[in-house]
Amino acid sequence: MEYRLKIKNEEIVLDSWPSECPFCHKHIEPLLLFNDLDRQYLELVFKCPSNYCNRLFIHRYRTHNDYSFFLDSTTIGSIKEVTFSEEIRSISPSFTQIFNQAHFAEQHKLLEICGVGYRKALEFLIKDFLIKKDSSKAEVIKKKALGKCIQEDVSDTKIKSAAQRAVWLGNDETHYVKKWTEENLESLKKLINLTYHWIEMEELAKEFEEKMPNQK
Ligand SMILES: [Zn+2]
């Protein structure tokens, strides 16, 4: 989508316009307060219209031809944290912490390292999940490679399938040469989401079975 703006009687075209406030993360129609055009760069100062927020933020655009501008960078506002269900938090507090650190890195555009963080979060989730299921295996699980744990110790086929693929992509993030060039960070996050949702469902189902045992 294109956005047109008049600056110093010249019409310029922008490739994007903010629709979310980087501070309150609400969907907004921002107020444009100020613009500063300096050769190939244009900076726009916006204000969030929400009365609870009212913060200012800047979008910086660049151009190669003086009339069409592309978004180059934006103000980093407040960091969004992912909140996990009670089930996931009780299985693996480390997973929720590491996942959010990776998420933090991603929001700061540290894209070369956040994948490794997500991969580490997944390892804690799977291993903590397996240890919770059978604490007698704790020492073995802790030392075993993650791929092997999934292969040998995860019995649910849905969790196994999603977790395995997440590991393939996650390991790729640590390698010099990528094997899964078509897949990206978004796919890795989707697979991790899928994995923890399956784990969450299994936990929930188990809780209800314990609370409401089979009737004779
Ligand atoms: Zn706001």
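Residues numbered from 1 in each chain as written. Predicted model: local features only at pLDDT ≥ 70, side-chain atom pairs only at ≥ 80, totals over all residues. Heavy atoms only, no water.

Novice: Even after reading the chapter, I still don't get the coordination of the zinc ion, so can you show me in this structure?
Specialist: For a metal bound by four donors in a tetrahedral arrangement, the ideal donor-metal-donor angle is 109.5 degrees, while six donors in an octahedral arrangement ideally sit at 90 or 180 degrees. Each protein donor to the zinc ion is listed here as C21 (SG), C24 (SG), C48 (SG) and C53 (SG); together their distances run 2.3 Å. Metal-centred angles of 105 to 114 degrees between the four donor atoms at the zinc ion mark the site as tetrahedral. When the donors of the zinc ion are listed by position in the chain, the intervening gaps give C-x2-C-x23-C-x4-C. On the accessibility criterion, C48 (0% relative accessible area) is buried. (Donors = N, O, S within 2.8 Å, 3.2 Å for Na, K, Ca; no water. Tetrahedral: all angles 85-135°; square planar, octahedral: opposite > 155°, others 65-115°. Buried < 20%, exposed > 50% of the residue type's maximum accessible area, 1.4 Å probe, protein only.)

Novice: Explain the environment of K132 here, please?
Specialist: Residue placement: K132 occurs in helix α3 (residues 111-133). Taking the C-alpha atoms as reference points, K132 and T83, 49 residues apart in sequence, are found 21 Å from one another. Every residue in contact with K132, bar those within four places of it in the chain, is listed here: S90, I91 and E203. (Helix = DSSP H or I, 4+ residues; strand = E, 2+ residues; numbered from the N terminus. Contact = heavy atoms within 4.5 Å.)

Novice: Where do I start with the confidence of the model for the protein in this structure?
Specialist: In low-pLDDT segments, the atomic positions of the prediction should not be examined closely. Put simply, the protein has an average pLDDT of 92, and 100% of its residues get 70 or more. Helix α6 (residues 157-172) is the least confidently modelled element of the protein, averaging 90 in pLDDT, while strand β4 (residues 41-47) averages 97, the highest of any element. (pLDDT = per-residue confidence, 0-100.)

Novice: Is there a simple way to think about the layout of surface pockets in this case?
Specialist: Taken as a whole, the largest pocket spans an internal volume of roughly 570 Å³. Surrounding the largest pocket, 23 residues form its lining, P22, T74, T75, Q107 and K109 being those nearest its centre. Sorting the residues of the lining of the largest pocket by element identifies β6 (68-74) and α2 (93-107) as the ones contributing at least two each. The element that contributes the greatest number of residues to the lining of the largest pocket is β6, accounting for four residues. (1 Å grid on protein atoms, 1.4 Å probe; cavity = no way out; pocket = protein on both sides within 12 Å on 5 of 7 lines; lining within 4 Å. Points joined across faces, edges and corners; volume = space filled by probe spheres on them.)

Novice: What exactly am I supposed to notice about the packing of aromatic side chains here?
Specialist: Between two aromatic rings, the relevant description is the distance of the centres plus the angle of the planes. With the rule as written, the count across this model stands at nine aromatic pairs. For the ring pair F84 and F99, a centre distance of 5.3 Å and an interplane angle of 90 degrees mean the geometry is edge-to-face. Residue F84 is found in the loop between β6 and α1 (86-91), and its partner F99 is found in helix α2; the two are separated by 15 residues along the sequence. Both rings, one in F95 and one in F99, keep their centres 5.6 Å apart while their planes meet at 55 degrees; by these two values the pair is tilted. One end of the pair is F95 and the other is F99, both in helix α2 and four residues apart, which spans about a single turn. Pair check on accessibility: F95 and F99 agree, each one buried. Through a chain of ring-to-ring contacts, three or more aromatic side chains come together here, namely F84, F95, F99, Y118 and Y196. Its end group placed over the ring of Y41, R60 keeps NZ or CZ at 3.8 Å from the ring centre. One residue, K211, lies across the ring of F208, its end atom 4.6 Å from the ring centre. (Phe/Tyr/Trp six-rings, centres within 6.5 Å; stacked < 30°, edge-to-face > 60°. Lys NZ or Arg CZ within 6 Å of the ring centre and 35° of its normal.)

Novice: Explain the side chain of T63 here, please?
Specialist: Of note, T63 is situated in strand β5 (residues 56-63). Among the polar contacts made by the side chain of T63, one reaches the main-chain carbonyl oxygen of S68 at a distance of 2.7 Å. Those residues in contact with T63 that lie beyond four places of it in its chain are R39, Q40, S68 and F69. (Polar contact = N/O pair within 3.5 Å; in protein donor to acceptor, adjacent residues only side chain to side chain.)

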